[in-house]
Amino acid sequence: MKIGIMQPYFIPYIGYWQLLNAVDKYVIYDDVNYKRGWINRNRILINGEIKYFNIPIQNASQNKCINQLSIKLDNKMRKKMLRTIELAYKKAPFFQEGYSIIEQILLCDDKNLVSFLYYSFEIICNYLEIHTKLIFSSSMEKDCNLRGQDKILSICNILNAKEYYNAIGGVSLYSTKIFEANHIELKFLKTNEIRYQQQTDEFFENLSILDVLMYNSVEKIRLMLNEFTLVTK
């Protein structure tokens, strides 16, 4: 059993979807404290420049778990965000497909942040034919006093994991020896160099999956999902 565990992010970059696609079960790590980062924002290209694309959060606080937060997204904001996407990508070859996906996501009327992000995962996974089972960490019976690596190990053991995949950025957070003691193989996913035509002279990597959707067919993106290397410590 291959397990991945990550916080839910808003339309994250291709590496996030590679990890989600590479495992048997993917745990949406929603019962940890909110920290400003990629949970409610990502980067897109507007007129050849990188810009942040945000989902506003109501009363955001690092003292609240991610699943306790609500978004504040009214119809006026939705229309403005969709207009921004239209102006940024209307000349992209797969604009209609990409626009339809972000439109479905933004029209979700669920105010809970995690529910909103989960819905976005479902939309994108269906489009990319990713069939990994998604599980909320908050739904699992575990010792909630555990932190960091200990909490991750607890989730892995509950799910009878034989392998745990993490993004390459977390290589310093985990001990191979401790995972081996729990009979779990620890691996880190490193995205290979992925390039595609963005209608700019310079290529901007690791943007939101939305950028990838706008410029590439489903078939090509499916190939991109396997463009990674598994690294061990």
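Counting restarts for each chain: residues are numbered from 1 in the order of the written sequence. Under the rules for a predicted model, residues below a pLDDT of 70 receive no local features and side-chain atom pairs below 80 are neither given nor counted, while totals for whole chains, interfaces and linings still include all residues. Derived side-chain values reflect all non-hydrogen atoms in the structure, with water molecules and hydrogen atoms excluded from consideration.

Empty space among the atoms can be located by rolling a probe the size of a water molecule over them. Lining residues are those with an atom within 4 Å of a point, where the points come from a 1 Å grid over the protein atoms alone and group into cavities, where a 1.4 Å probe fits but cannot get out, or pockets, open sets with protein on both sides within 12 Å along at least five of seven lines. Grid points are joined across faces, edges and corners, and a volume is the space filled by probe spheres set on the points. Roughly 870 Å³ of internal volume is contained in the largest pocket. Together, 35 residues line the largest pocket, and Gln7, Tyr9, Tyr29, Val32 and Leu173 are the ones closest to its centre. Secondary-structure elements contributing two or more residues to the lining of the largest pocket are β1 (2-6), α1 (14-22), β3 (41-46), α5 (148-158), β8 (163-167) and β9 (185-191). In terms of residue count, the dominant contributor to the lining of the largest pocket is α5 (4 residues). Charged residues are taken to be Asp, Glu, Lys and Arg, nonpolar residues to be Ala, Val, Leu, Ile, Met, Phe, Trp, Tyr, Cys and Pro, and polar residues to be all remaining types, Gly included. In the lining of the largest pocket, the residues fall into 19 nonpolar, 11 polar and 5 charged. Secondary structure is summarised from DSSP: a helix means a run of H or I of at least four residues, a strand means a run of E of at least two, and numbering begins at the N terminus for each.

With that settled, consider the environment of glutamine 104. Position of glutamine 104 relative to the elements: it lies in helix α3 (residues 95-106). In sequence terms glutamine 104 and valine 23 are 81 residues apart; their C-alpha atoms lie 26 Å from each other. In contact with glutamine 104, other than residues within four places in its own chain, are Tyr119 and Ile123. Contact criterion: two residues are considered in contact whenever any of their non-hydrogen atoms come within 4.5 Å of each other.

On to the nonpolar core, then. The set of buried Ala, Val, Leu, Ile, Met, Phe, Trp, Tyr and Cys residues whose side-chain atoms join them within 4.5 Å is what this entry labels a nonpolar core. Using a 1.4 Å probe on the protein chains alone, a residue whose accessible area is under 20% of its type maximum counts as buried, one over 50% counts as exposed, and one in between counts as partly exposed. In this structure, Trp17, Tyr89 and Phe116 are the most contacted members of the largest nonpolar core, which totals 83 residues. In terms of residues, this core owes the most to one element, helix α4 (residues 113-128), which gives 9 residues. If we ignore the near neighbours within four places in the chain, the residues touching tyrosine 89 are Ile44, Leu45, Phe95, Asp211, Met214 and Tyr215.

Let's shift gears to the environment of proline 93. By the element assignment, proline 93 lies in the loop between α2 (75-89) and α3. The spatial distance from the C-alpha of proline 93 to the C-alpha of methionine 214 is 6.6 Å, given a sequence separation of 121 residues. Other than its neighbours up to four places away in sequence, proline 93 contacts Gln199, Met214 and Tyr215.

With that settled, consider the packing of α3 against α4. Fitting a line to C-alpha atoms yields each axis, with helices limited to the stretch in contact; the angle taken between N-to-C directions then spans 0 to 180 degrees. The contact between α3 and α4 brings their axes to 9 Å, and the two run at 155°. With respect to α4, the element α3 is oriented roughly antiparallel. Crossing hand, α3 versus α4: right-handed. Touching Glu97, Ile101, Gln104, Ile105 and Leu106 of α3 are Phe116, Tyr119, Ser120, Ile123, Ile124 and Tyr127, all from α4. Grouping the amino acids of the contact of α3 with α4 by side-chain chemistry returns 8 nonpolar, 2 polar and 1 charged. If an angle is under 35 degrees, it is roughly parallel; if it is over 145, roughly antiparallel; if it lies from 65 to 115, roughly perpendicular; otherwise it is oblique. Handedness of a crossing is defined here by the sense of rotation of the near helix relative to the far one, left-handed for an anticlockwise turn of less than a right angle and right-handed for a clockwise turn.

Helices are assigned an expected span. That span is 1.5 Å times one less than the residue count. The first and last C-alpha atoms of α2 sit 21 Å apart over 15 residues, in line with the 21 Å expected at 1.5 Å per residue. Along α2, the residues that are buried comprise Arg78, Met81, Leu82, Ile85, Ala88 and Tyr89. Projected down its long axis, α2 carries its buried residues within an arc of 125°, all on one side. Away from the buried face of α2 by more than 90 degrees, exposed residues Lys76, Lys79 and Lys80 are located. The elements touched by buried residues of α2 are β3, β4 (49-54), α3 and α7 (209-215). Capping of α2 at its N-terminal end is provided by aspartate 74; its side-chain oxygen lies 3.3 Å from the backbone amide nitrogen of lysine 76. The directions considered for the arc run from the helix axis to the C-beta atoms. Polar contacts, as used here, are pairs of N or O atoms within 3.5 Å; protein pairs need one atom able to donate a hydrogen and one able to accept it. Residues neighboring in sequence count only if both atoms are side-chain atoms.

Turning our attention to α4. Because an α-helix packs 3.6 residues into every turn, residues spaced three or four apart end up facing the same way. Over its 16 residues, α4 extends 23 Å from the first C-alpha to the last, a length consistent with the 22 Å expected when each residue adds 1.5 Å. For α4, the complete set of buried residues consists of Leu113, Val114, Phe116, Leu117, Ser120, Phe121, Ile123, Ile124, Cys125 and Leu128. Of the residues flanking the end of α4, it is glutamate 129, one or two places downstream, whose phi is positive at about 60°.

Turning our eyes to something else, we now look at the packing of aromatic side chains. Only Phe, Tyr and Trp rings are paired, with Trp represented by its six-membered ring, and only when their centres lie within 6.5 Å; those with planes under 30 degrees apart are stacked, over 60 edge-to-face, the remainder tilted. Under the definition given, this model contains 16 aromatic pairs. With centroids separated by 5.9 Å and ring planes inclined at 70°, the aromatic side chains of tyrosine 89 and tyrosine 215 adopt a geometry described as edge-to-face. Taken together, the residues tyrosine 89 in helix α2 and tyrosine 215 in helix α7 connect sequence positions 126 residues apart. Residue class for tyrosine 89 comes out buried when judged on its relative accessible area of 1%. Taken together, Tyr9, Tyr16, Trp17, Tyr26 and Phe121 form an aromatic cluster joined through their ring pairs. Here, a charge over a ring means that NZ of Lys or CZ of Arg falls within 6 Å of the ring centre while also lying within 35 degrees of the ring normal. Over the ring of tyrosine 52 we find arginine 41, and its NZ or CZ is 4.2 Å from the ring centre.

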